[in-house]
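Residue-level structure breakdown
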Amino acid sequence: MSSVNADTVVFPPIKERSLANPRTDLATWFQQEHVALYRLALLLTGQRAQAEDLVQDTFVRLSLAGARPEREGIATYARRTLVNLHRSRLRRWYRERRAVERLSGRDQTTSPPVEPADPALFDALRHLPRMQRAAVALRFLEDRSIEETATILGVSSGAVKTHTHRGLASLRDRLGTDTDQGT
Amino acid sequence: MTMDERELQKRMKDAVSGANPDSAKLWENVMDGTNQAHKSRNAKRTAITLTVLAFAAAAPFAIGLLGSDDSGFAEPDNSNSPTPSPTETTATPTPNLITSSYVDTQLNVTFVVPPDWRISEFEGHRTIVPEGLPMPPQDGDTAVMQMTFGDLAPKQGRVETSFSGYPAHTVKDGLTEWIVVDWPASPLCTVCDAGPISIWWEASNEALWDEYQSGFDTMRTSLTPLFDADGEVADVAAAEILTRRGTVAAGVEMNSALATTIDFLDRRMWMDTFRPVLSAEGKAAYKSLPPFGPHEEARLAPVQLSPSSYRIGSIEAADANSFEIQAEVRYVDYSTEDSNTLYGSNETMFVGPGTSLDSVSRNFVIRGVAEYAPESVITVD
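In this convention, every chain numbers its residues from 1, walking through the sequence in written order. Working convention: letters from A go to chains and numbers from 1 go to ligands, in the order in which they are written. In keeping with the model being predicted, local features are shown solely for residues with a pLDDT of at least 70 and side-chain atom pairs are shown and tallied solely at 80 or more, while totals for entire chains, interfaces and linings include all residues. Note that the side-chain values use all heavy atoms of the structure and ignore hydrogens as well as water.

This next bit is on the overall build of chain B. The helix and strand labels rest on DSSP assignments: H or I over at least four residues marks a helix, E over at least two residues marks a strand, and numbering proceeds from the N terminus. Looking only at helices and strands, chain B has 5 helices and 15 strands in total. Only protein chains enter the area calculation, which uses a 1.4 Å probe; residues under 20% of their type maximum are buried, those over 50% are exposed, and those in between are partly exposed. Taking all 381 residues of chain B together, the buried fraction comes to 45%. For accessible areas, the Shrake-Rupley method is used with a probe of radius 1.4 Å. Any residue's cover is judged against the shown protein chains and nothing else. With the model as given, the accessible surface of chain B reaches about 19,600 Å², and the carbon-plus-sulfur share is 54%.

This is how it looks when you write it as structure tokens:
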């Protein structure tokens, strides 16, 4: 897949009539946030195509959200939307997997492919429960504070601490084991 | 941050630092998706507008046909009459006497829901709007009550107060009124610490605020924690109890066993963790139910069942500490496009003291689940 430097891309203006709220400026939001959102989505999904889909759907949702993103802060609102969309997709994926298991009569343990860059890390992240993965990604990839992470995930600060702590412990275990095996 | 946390952070950042999306293509896709979404919304609006216009246009003819008078005299023009004539029959709306109460085992709230208001939940965020008004984030003028975890109220203009005996503050910000109340966390919620929840009422304009203020007041004055600081459950008196994903039949009284069962069923609908509400024996029994059960061939055709809603029908004391609760769990078959056909599974849940899967000794956990009647097919409108 070709990569284009976000700074060099010229974003065409959106026709105003296509926006739910003329005050919103989707192009500006896209320019500000899409790379960071893509990287966050990449850590959550482990796959480039899924990450791009998530980011795309996030911006479509933003365009429909009226004044709410501006009121709550675009960075927070966009990340909450992305995390929620990821959750919905996970649920769909589990449903599909269960259906395949029933039809085929065997356990479907096939894992989605991981990215080539640091596959051990992506594999370890993939084994974390959804909330732990999101908490760890927001806290460590994005340097979000506990309070910011709590607002994005819609949980309490204590819950963020718990998810982060457990997520880190699992990552340490998995990555430690992988390192040992590797050496 | 410890040394290994810093290393992990560096590794995480390194893993994605070189990853950039194809921005131009992504933007093109966003544009396509946005235009498509807005077209779809506009098409719906147009259809509704046309329908309303068609009715409006047809109404005078229909009324004329019903009340046609061949006497040859012109009818007096009453269109500017400010009050109906005394002989005119005025349609009296039938008052909706059914009062529902909403029970939320996660936010730990219960309140009376005004008739014909709709509740939606998304990731811990509850939204309640009157029937017929758009549910945010849908576009359009609306009146809405919202609730979520945390303190989201504006920092300016706070007034310290108490609410149901717990510390709170209120904020009035234009046509939005906030209450942030610091009351006990739900003992069933493993991801909720004690901390405030925010509740706010909002209208797009003065007219909507005036129209729905009584509904706001109904909810505000009836708002109370479901569990108090001692874990006791509030008295929820209602013709019907609404939950996040189901209903409870009239006459079923709220208690801690029922609250645990509601929580268990809500978690099933969302596929959330069962750790605080299910014992090891309960888990084994649950795994024998659809869609996990081994009786696939004996079951009805669906192959992609997913729980969608439930209705609790009764609660009976089994002994001094335990209860048997009967419910119908409804499943959607995702393998078909037919969302009007649901599959009902009648279940009995056995609730009593025990150790939950998160190794906590609790007064109530689900210790067993069994089907007591064959599945049924339910067709909904």
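After that view of the structure, there is still more to cover.
Among soluble globular proteins, nonpolar side chains are generally buried collectively. By convention a nonpolar core is built from buried Ala, Val, Leu, Ile, Met, Phe, Trp, Tyr and Cys residues, the set being connected through side-chain atoms within 4.5 Å. Ranked by internal contacts, the top residues of the largest apolar core, which has 55 residues, are Phe59 and Leu171 of chain A together with Met12 of chain B. It is helix α1 (residues 26-45) of chain A that provides the largest number of residues to this core, a total of 11 residues. By the convention used here, residues are in contact when the closest approach between their heavy atoms is within 4.5 Å. With residues near it in sequence (within four places) discarded, Phe59 of chain A still touches Leu26, Trp29, Phe30, Glu33, His34 and Leu37 of chain A together with Val30 of chain B. Counting 36 residues, the second-largest nonpolar core is a separate cluster that includes Ile241, Phe274, Met349 and Ile366 of chain B.

The subject of this paragraph is the packing of helix α6 (residues 130-141) of chain A against helix α7 (residues 146-153) of chain A. All names here are of chain A. Every angle, taken between N-to-C directions, lies between 0 and 180 degrees, and every axis is a line fitted to C-alpha atoms, over only the stretch in contact when it is a helix. Contact geometry of α6 with α7 gives a least axis separation of 10 Å together with a crossing angle of 140 degrees. In terms of orientation, α6 and α7 fall into the oblique class. Viewed along their axes, α6 and α7 form a crossing whose handedness is right-handed. Between α6, through Met131, Ala134, Ala135, Leu138 and Arg139, and α7, the contact on the second element is made entirely by Ile146, Thr149, Ile152 and Leu153. The nonpolar class holds Ala, Val, Leu, Ile, Met, Phe, Trp, Tyr, Cys and Pro. Asp, Glu, Lys and Arg form the charged class, and all remaining residues, Gly among them, are polar. Counted by class, the contact of α6 with α7 contains 7 nonpolar, 1 polar and 1 charged residues. Just so you know how the angles are binned, under 35 degrees is roughly parallel, over 145 roughly antiparallel, 65 to 115 roughly perpendicular, and the rest oblique. Crossing chirality is assigned from the near helix's rotation relative to the far helix, an anticlockwise turn below a right angle marking it left-handed and a clockwise turn marking it right-handed.

All names here are of chain B. Aromatic pairs are defined between Phe, Tyr and Trp rings, using the six-membered ring for Trp, whenever the two ring centres lie within 6.5 Å; interplanar angles under 30 degrees are classed as stacked, those over 60 as edge-to-face, and all others as tilted. Per the counting criterion, the structure on display carries 13 aromatic pairs over all chains. A connected cluster of aromatic rings, assembled from ring pairs, spans Trp117, Trp209, Tyr212 and Phe216. Each ring is checked for a lysine NZ or an arginine CZ that lies within 6 Å of its centre and within 35 degrees of its normal; such an atom marks a charge sitting over the ring. The ring of Trp209 has Lys172 lying over it, and the distance from NZ or CZ to the ring centre is 5.2 Å. When the ring centre of Trp201 is taken as origin, the NZ or CZ atom of Arg220, which lies over that ring, is 4.8 Å away.

Checked against the element boundaries, Pro276 of chain B lands in the loop between α4 (256-270) and α5 (280-286). Between the C-alpha atoms of Pro276 of chain B and Phe364 of chain B, which are 88 residues apart in sequence, the distance is 9.7 Å.

Before going further, it helps to spend a moment on the packing of α1 of chain A against helix α2 (residues 48-64) of chain A. Residue and element names in this part refer to chain A. α2 packs onto α1 with a crossing angle of 140 degrees between their chain directions and a minimal axis gap of 8 Å. Judged by the angle between their axes, α1 and α2 are oblique. Here the hand of the crossing between α1 and α2 comes out right-handed. Contacts between α1 and α2 involve Leu26, Trp29, Phe30, Glu33, His34, Leu37, Tyr38, Ala41, Leu42 and Thr45 from the former and Arg48, Gln50, Ala51, Glu52, Leu54, Val55, Thr58, Phe59, Leu62 and Ser63 from the latter. Residue composition of the contact of α1 with α2, by class: 12 nonpolar, 5 polar and 3 charged.

Before going further, it helps to spend a moment on the confidence of the model for chain A. Residues and elements named next belong to chain A. The quantity known as pLDDT measures the predictor's confidence residue by residue, on a range of 0 to 100. When pLDDT is averaged across chain A, the result is 73; 67% of the residues are at 70 or more. For chain A, per-element mean pLDDT is lowest for helix α4 (residues 74-104), which scores 71, and highest for α6, which scores 91. Overall, residues 104-114 carries pLDDT values under 50, and its contacts beyond four positions in sequence, including any with other chains, amount to 18 contacts.

It is worth spelling out the confidence of the model for chain B at this point. Residue and element names in this part refer to chain B. Summing up the model confidence of chain B, the mean pLDDT is 77 and the portion of residues at 70 or higher is 72%. Looking across chain B, the model is least confident in helix α2 (residues 23-66), with a mean pLDDT of 59, and most confident in strand β8 (residues 176-181), with 93. A low-confidence stretch, residues 43-50 (pLDDT under 50), is modelled with 1 contact involving residues beyond four sequence positions or located in other chains. Here residues 294-303 is a poorly scored stretch, pLDDT under 50, and it has 18 contacts once near neighbours within four places are set aside; other chains count. Complex prediction metrics read pTM 0.52 and ipTM 0.75.

What follows concerns the environment of Ile262 of chain B. Residue and element names in this part refer to chain B. By secondary structure assignment, the location of Ile262 is in helix α4. The class of Ile262 is buried, set by a relative accessible area of 0%. Between the alpha carbons of Ile262 and Val277 there is a distance of 9.9 Å; along the sequence they are 15 residues apart. Discounting chain neighbours no more than four positions away, the residues touching Ile262 are Val103, Thr105, Thr243, Val248, Met254, Tyr310 and Ile312.

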